[in-house]
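Now for the letters of each chain:
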Amino acid sequence: FNKHLVSKRTDEQLEQLKLDIPANNIALQASVLHTIANVYAFNGDIAEALNAYYGALALRENAGDPLATSATLNNIAVQLTEANQYRAALDYYQRVLQIGQQQKHAEDIGDAEVGITSVYIRMADYHNAALANQRALAAFKSVDPQYWGAISAVAQVDEIAVLRRQSDKKDRSFWQALKLA
């Protein structure tokens, strides 16, 4: 969607979008709710974004679409991270990992591990951030060494290293965890 246009929509217009969807089209309802949540998230309204994501999640789980469910779970985790609800965010990322593993969908696994890395960075748990980052890199490399997600994961290695050096130079296990296979 066009962020420049979408960000100008009013709440009333967004509500109208939900009302025009056939009641029997659960997948479309979920997609619209997910998109509405994206708009709220883009505008920084975490509470409304989460409300819409939770609605989309319920519909997607009911429809039995695991990859769409995973996308919504991931976005919930992102919003919970933004709200500094780190433990809850990690729980949602774990659900994304489970779906990724069940569906053998490495992109979901990598995306979840990048999110987990971000949460651990915010928690100043650089050792676990480095471990999650390694898992993200491995997942993305299994898809394609040039996959864009790997770029994001590699960028986090530098961020973790800088933060870790600032925090405590004595923790050798952190530096060992950063060694990429």
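Everything discussed here concerns the structure shown above.
Because the structure is predicted, anything quoted here is derived from the model rather than measured.

J.: A description of the overall build of the chain should follow, citing residues and the corresponding values.
T.: Of the regular secondary structure elements, the chain holds 10 helices and 0 strands. Across the chain, helices and strands are ordered from the amino to the carboxyl terminus as α-α-α-α-α-α-α-α-α-α. Per-residue burial over the chain gives 42% buried out of 181 residues. Here the contacts in the chain between residues at least 6 apart in sequence split such that 52% fall between residues at least 24 apart. Taken as a whole, the chain presents about 10000 Å² of accessible surface, with 51% of it coming from carbon and sulfur.

J.: How would you sum up the packing of aromatic side chains? Please name residues and give values.
T.: Inspection of every chain in the model, using the stated rule, returns 1 aromatic pair. An angle of 40 degrees between the planes, with centres 6.4 Å apart, marks the rings of Y54 and Y92 as tilted. Of this pair, Y54 sits in helix 4 (residues 46-63) while Y92 is found in helix 6 (residues 86-103), placing the two residues 38 residues apart along the sequence. Under the relative-accessibility criterion, Y54 is labelled partly exposed at 32%.

J.: Report on unusual backbone geometry, specifying residues and quantitative values.
T.: Even without being a glycine, N84 presents a positive backbone phi close to 60 degrees. On the secondary structure map, N84 appears in the loop between helix 5 (66-82) and helix 6. Backbone geometry at A124 places phi at a positive 60 degrees, although glycine is not the residue there. Here A124 is to be found in the loop between helix 7 (106-122) and helix 8 (126-143).

J.: Please provide a residue-by-residue account of the pattern of salt bridges, values included.
T.: Scanning the entire structure with this criterion turns up 3 salt bridges. The partner of R122 in a salt bridge is E82, and the shortest N-O contact between them spans 2.9 Å. With R122 in helix 7 and E82 in helix 5, this residue pair connects regions lying 40 residues apart in the sequence. Exposure remark for R122: the relative accessible area of 39% places this residue in the partly exposed category. The exposure class of E82 is partly exposed, given its relative accessible area of 42%. Between R135 and E113 there is a salt bridge, with its nearest N and O atoms 2.8 Å apart. Residue R135 is found in helix 8, and its partner E113 is found in helix 7; the two are separated by 22 residues along the sequence. When its relative accessible area of 5% is taken as the criterion, E113 is described as buried.

J.: Quick one: what's the story with the side chain of H34, residue by residue and with numbers?
T.: By the secondary structure assignment, H34 is in helix 3 (residues 26-42). Given the relative accessible area of 9%, H34 is considered buried. Leave out the neighbours within four places in its chain, and H34 touches Y53, A56, R60, A71, T72 and N75.

Cut-offs applied
Residues numbered from 1 in each chain as written. Predicted model: local features only at pLDDT ≥ 70, side-chain atom pairs only at ≥ 80, totals over all residues. Heavy atoms only, no water. Helix = DSSP H or I, 4+ residues; strand = E, 2+ residues; numbered from the N terminus. Buried < 20%, exposed > 50% of the residue type's maximum accessible area, 1.4 Å probe, protein only. Contact = heavy atoms within 4.5 Å. Areas by Shrake-Rupley, 256 points an atom, 1.4 Å probe, with all protein chains shown as cover. Phe/Tyr/Trp six-rings, centres within 6.5 Å; stacked < 30°, edge-to-face > 60°. Salt bridge = Lys/Arg side-chain N within 4 Å of Asp/Glu carboxyl O.

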